Amino acid sequence: MAMTGGSSRGVKNDINVTPLVDVVLVLLIIFMVVTPMLQRGKDVHLPKANKLTKEEKNGDPLVVSVTADHKLWVESVGFQEDALETKLAAELSKEPNRRVLLKGDQSVTVGDVRKVMDHAKKAGARAVELAIEEIKK
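Read on for a plain summary of the structure. The shown structure was predicted, so the numbers you read here are calculated from the model rather than taken from an experiment.

Further remarks concern the overall build of the protein chain. Along the protein chain, the regular secondary structure elements total three helices and seven strands. The secondary structure elements of the protein chain, listed N-terminal to C-terminal, are α-β-β-β-β-α-β-α-β-β. Within the protein chain, the fraction of its 137 residues that count as buried is 26%. Considering only contacts in the protein chain between residues 6 or more positions apart, those separated by 24 or more positions represent 73%.

This is how it looks when you write it as structure tokens:
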């Protein structure tokens, strides 16, 4: 049997895109899961300021949020005011030098923010930093 150049048993040169689609879908799922975790604490409308002091990046801060509805959050877990100090003390006992970053909504009063600062101080925080949003010019 002689074979000629034009064989009738054609070899398909199609590209199999199934593995590519699988990889893209896995990456999409990963980004969908990770993206909400990028912002820490609860979503609040921060007060605005003209000048910001350059913050020192010495460790990961413990984010405490006071939302517009006066709810208290440590990272993304809600707490009542009476349990806040206990939670902060537990977190700060793991890392005594950890910074506390307080995100207070611009609609809450100074008294509300001051109460949270007092709880943080009693829990052992060395300092409480206030989060603000810079006014863009």
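Tallied over the entire structure, the rule returns six salt bridges. Ionic pairing is found between Lys87 and Glu91, a salt bridge with its closest N-O pair at 2.9 Å. Placement of both Lys87 and Glu91 in helix H2 (residues 81-94) is noted, with a separation of four residues, approximately one turn of the helix. On the basis of relative accessible area, Glu91 is assigned to the buried category, the value being 14%. Between Lys94 and Glu91 there is a salt bridge, and its shortest N-O distance comes to 3.5 Å. With Lys94 and Glu91 both in helix H2 and three residues apart, the pair spans about one turn of that helix.

In space, the five strands of this open sheet follow the order E4-E3-E2-E5-E6, with mixed pairing throughout. Unpaired on one side and paired on the other, strand E4 (77-79) and strand E6 (128-130) mark the two borders of the sheet. For this sheet, the mean angle separating the axes of adjacent strands, direction not counted, is 30°. Judged from the three bridges that link them, strand E2 (residues 62-66) and strand E3 (residues 72-74) form a sheet pairing that is antiparallel. Paired with Ser65 across the two strands is Trp73, which belongs to E3. Where H2 meets the sheet, its contacts fall on E2, E3, E4 and strand E5 (100-104), and the angle it forms with E3 comes to roughly 15°. Sheet strands in contact with helix H3 (residues 110-123) are E2, E3, E5 and E6, and its direction is about 155° off that of E6.

Before going further, it helps to examine a nonpolar patch on the surface. Together, Ile15, Val17, Leu20, Val21, Val24, Leu25, Leu28 and Met32 line one region of the surface with nonpolar side chains, adding up to about 800 Å² of accessible area. A relative accessible area of 55% places Leu20 in the exposed class.

The subject of this paragraph is the side chain of Thr67. Looking at the secondary structure, you find Thr67 in the loop between E2 and E3. On the basis of relative accessibility, which here comes to 9%, the residue Thr67 falls in the buried class. Among the polar contacts made by the side chain of Thr67, one reaches the side chain of Asp69 at a distance of 2.3 Å.

Counting buried residues in E2 gives five out of five residues, a clear majority hidden from the surface. Of the two faces of E2, the one lined by Leu62, Val64 and Val66 and the one lined by Val63 and Ser65 are each fully buried. Pairing between E2 and E5: five bridges, direction parallel. Directly across from Leu62, in E5, lies its bridge partner Val100. As consecutive antiparallel partners, E2 and E3 are separated by five residues, and within that stretch His70 has a phi angle of approximately 65°, a positive value.

Conventions adopted
Residues numbered from 1 in each chain as written. Predicted model: local features only at pLDDT ≥ 70, side-chain atom pairs only at ≥ 80, totals over all residues. Heavy atoms only, no water. Helix = DSSP H or I, 4+ residues; strand = E, 2+ residues; numbered from the N terminus. Buried < 20%, exposed > 50% of the residue type's maximum accessible area, 1.4 Å probe, protein only. Contact = heavy atoms within 4.5 Å. Salt bridge = Lys/Arg side-chain N within 4 Å of Asp/Glu carboxyl O. Pairing = 2+ DSSP bridges. Axes fitted to C-alpha atoms, helices over the stretch in contact; angles between N-to-C directions. Patch = residues over 30% accessible without salt bridge, like charges linked within 9 Å, V, L, I, M, F, W, Y side chains within 5 Å. Areas by Shrake-Rupley, 256 points an atom, 1.4 Å probe, with all protein chains shown as cover. Polar contact = N/O pair within 3.5 Å; in protein donor to acceptor, adjacent residues only side chain to side chain.

It is worth stressing that arrangement in space is one thing and function is another; only the former is reported here.
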